[in-house]
Amino acid sequence: MGKLTYVKSASQLLCMDTGHGPRTGKGMSMLGIIADGSVVIEDGIIVFAGSDALAAQFLGTRRGEVEVIDASGKVVAPGLVDPHTHVVYAGSRENELELRLQGEKYTDILQRGGGILNTARSTREASEEELIRQALTRLDRFLLHGVTTIEAKSGYGLTVKDELKQLRAARELDRRHPIDVVPTFMGAHAVPEEYRSHPESYVNLVIEEMLPAVAERGLAEYCDVFCEQGVFDIAESGRILEAAERLGFKLKIHADEIAKNFGGAELAAKLEAVSAEHLLKTSEEGIRALAKSGTIAVLLPGTALFLMERAADARSMIDGGVAVALSTDCNPGSSPTVSMPFIMNAACLTMRMTPAEVLVASTINAAHAIGRGNEIGSIETGKRGDLVLFDVSNYRQLQYYYGMNLVHTVIKNGRTVVKGGVLVDRNEPAD
Ligand SMILES: N=CN[C@@H](CCC(=O)O)C(=O)O
Ligand SMILES: [Zn+2]
């Protein structure tokens, strides 16, 4: 019998244990709250979740060492899940904020060879170990903000060699850091400068060389495309994603971020993509199509804020039956943050999502958006022992006291990795 971790006396235990599959409609408001609740984790897996009284009975049947964590006065939630990041990169682009404040558009900066192409230059120059080193610091910060699983996209290499380097770095992060990292290939993130005069050849390179090279090495589960005016159009995005599907990748799309009614959501629905992401400019038909196909809308209110754009229409999506998840979009240009708690605040204040909906969107729905809905995202027996303890006595306070990091303790696979808001265990293998 392994060591037990016993989290007890939570003022609210948010189990998120209502039903199977991504939550939609009213299901997005159901938190499965247990007052005075306990969780017991054994060998990294939850073996009990329920009231303090029943936990005492349960523990009476067990022998062996027990680590007790007192959660009185705190809210205990599943570890937060961030289903959309570009966390592996080198370089920094803070100059772009001032350019945008002076009125320059995000896409104009990209067209001039800045933006994603700027990060591509520094990422190509960086060694694999340097990319890992920089991203490990970001992962530590994610952990301090209660995040226990993330997705990570490539897309700053834009050559076969450099895309593989980024994805190998993501795999190494998963190995070295407590946070689990789910990899996505995004070679179609921008047309690199050397292909500017013949972009169709770059689409061919992605399809004929990059996708098979990534598939052969098992380096990514998902394929994503930046489907946008001036980047990859609907036909090009469709070709790349269909080729990816034939090779066994699951699909995601950066859809309708900048141009109005570009058709990205409709394409995601047609291809039955797992998720469509951004969706700032999606049409009503696009929303209906997502609801029908069961494609999860991954919304990124931090990006809208940082690009000074109107946020996605989360209300129409939720009211129209689309499952909504939230993410930081952590990247060096349009959303340089790791703070899921802040993203939840922004989702409430800029998209009118309720305090309950943002929690569902950042846990169980986010887990489904990266194909992990059966392992994480809720506090149920058989799921991973990933928990976050917030220093508030009820979940509504998390959105009321905004802009603060209220994470007190983070438990990953049953192990305490953040305690009193301080990182205590990073688990980097010595070799
Ligand atoms: N829009 C495309 N890709 C990223 C931004 C990447 C960057 O600016 O470096 C996003 O999701 O916002
Ligand atoms: Zn993105």
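Predicted, not measured: the structure shown is a model, and the values here were computed from it.

Draft legend 1. Representation of the pairing of strand 16 (residues 415–419) in the model. Pairing geometry for strand 15 (residues 407–412) and strand 16, over three bridges, is antiparallel. The residue bridging valine 410 from the neighbouring strand is valine 418, located in strand 16. What sits between strand 15 and strand 16 in their antiparallel hairpin is a turn of two residues, with asparagine 413 showing a positive phi close to 50°. If you look at the hairpin formed by strand 16 and strand 17 (residues 422–423), you'll find two residues sitting between the two strands, and glycine 420 has a positive phi there, around 60°.

Draft legend 2. Focus on the sheet that holds strand 6 (residues 80–82). Pairing is parallel in the open sheet, where eight strands are placed in the order 6-7-8-9-10-11-12-13. Here the strands that pair on one side only, and so sit at the sheet edges, are strand 6 and strand 13 (324–326). Neighbour to neighbour, the strand axes of the sheet diverge by 25° on average, direction disregarded. Of the strand pairs in this sheet, strand 10 (residues 250–255) and strand 11 (residues 275–278) are connected by four bridges, and their pairing is parallel. Each residue of the ladder has a partner; that of lysine 252, found in strand 11, is serine 275. Helix 6 (residues 160–176) rests against strand 7 (147–153) and strand 8 (180–188) of the sheet, and its axis sits at about 170° to strand 8.

Draft legend 3. Highlighting the UniProt feature "binding site: N-formimidoyl-L-glutamate" (unreviewed entry) in the protein. Within the UniProt annotation, "binding site: N-formimidoyl-L-glutamate" (unreviewed entry) is assigned to Tyr156, Asn331 and Gly333. Despite a sequence span of 178 residues, these residues sit close together in the fold, their greatest C-alpha distance being 11.7 Å. For tyrosine 156, a count of 30 C-beta atoms within 10 Å gives the class buried. For tyrosine 156, the residues in contact, after removing those within four places along its chain, are Tyr89, Ile116, Thr119, Ala120, Thr123 and Gln166. Secondary-structure assignment places glycine 333 in the loop between strand 13 and helix 13 (340–351). Look past the residues within four positions of glycine 333 in its chain and what remains in contact with it is Arg93, Glu96, Gly115, Ile116 and Thr119.

Draft legend 4. Structural context of the UniProt feature "domain: Amidohydrolase-related" (unreviewed entry) in the protein. Mapped onto this numbering, the UniProt entry gives "domain: Amidohydrolase-related" (unreviewed entry) at residues 75–417. Strand forms 17% of residues 75–417 and helix 43%; the C-alpha atoms that close the span are 17 Å apart.

Draft legend 5. Summary view of the site of ligand 1. The full set close to ligand 1 counts 14 residues, and Ile116, Phe226, Asn331, Gly333 and Ser334 are the nearest of them. Its residues assigned to classes, the shell around ligand 1 shows three nonpolar, nine polar and two charged.

Draft legend 6. Inspection of the packing of helix 6 against helix 7 (residues 199–216) at higher detail. The N-to-C vectors of helix 6 and helix 7 enclose an angle of 30°; their axes lie 10 Å apart at closest approach. By the criterion of interaxial angle, the relationship of helix 6 to helix 7 is roughly parallel. Along this stretch, helix 6 crosses helix 7, giving a crossing that reads as right-handed. Of helix 7, the residues touching helix 6 (which contributes Val160, Glu163, Leu164 and Leu167) are Glu209, Met210, Ala213 and Val214. Of the residues assigned to the contact of helix 6 with helix 7, the class counts are six nonpolar, no polar and two charged.

Draft legend 7. Quick peek at the domain arrangement of the protein. Segmenting the protein into domains produces domain 1 (4–78 + 376–423) and domain 2 (81–370). A straight line from the C-alpha centre of domain 1 to that of domain 2 covers 29 Å. Opposite the 31 residues of domain 1 that make contact, domain 2 presents 35 residues. Listed by contribution, the elements that provide at least two residues to the side of domain 1 that touches domain 2 are strand 5 (75–78), helix 16 (397–400), strand 15 and strand 16. If one sorts the elements of the side of domain 1 that touches domain 2 by residue count, strand 15 sits on top with three residues. Split into classes, the residues belonging to the side of domain 1 that touches domain 2 amount to 18 nonpolar, nine polar and four charged.

Cut-off values and rules
Residues numbered from 1 in each chain as written. Chains lettered and ligands numbered in written order. Predicted model: local features only at pLDDT ≥ 70, side-chain atom pairs only at ≥ 80, totals over all residues. Pairing = 2+ DSSP bridges. Helix = DSSP H or I, 4+ residues; strand = E, 2+ residues; numbered from the N terminus. Axes fitted to C-alpha atoms, helices over the stretch in contact; angles between N-to-C directions. Contact = placed C-beta atoms within 7 Å. UniProt positions renumbered as here; feature names shortened; annotations may be inferred. Buried ≥ 20, exposed ≤ 12 C-beta atoms within 10 Å, placed from the backbone. Near = placed C-beta within 6 Å. Nonpolar A, V, L, I, M, F, W, Y, C, P; charged D, E, K, R; others polar. Parallel < 35°, antiparallel > 145°, perpendicular 65-115°, else oblique. Left-handed = near helix turned anticlockwise from the far one by under 90°. Domains from an automatic or database assignment.

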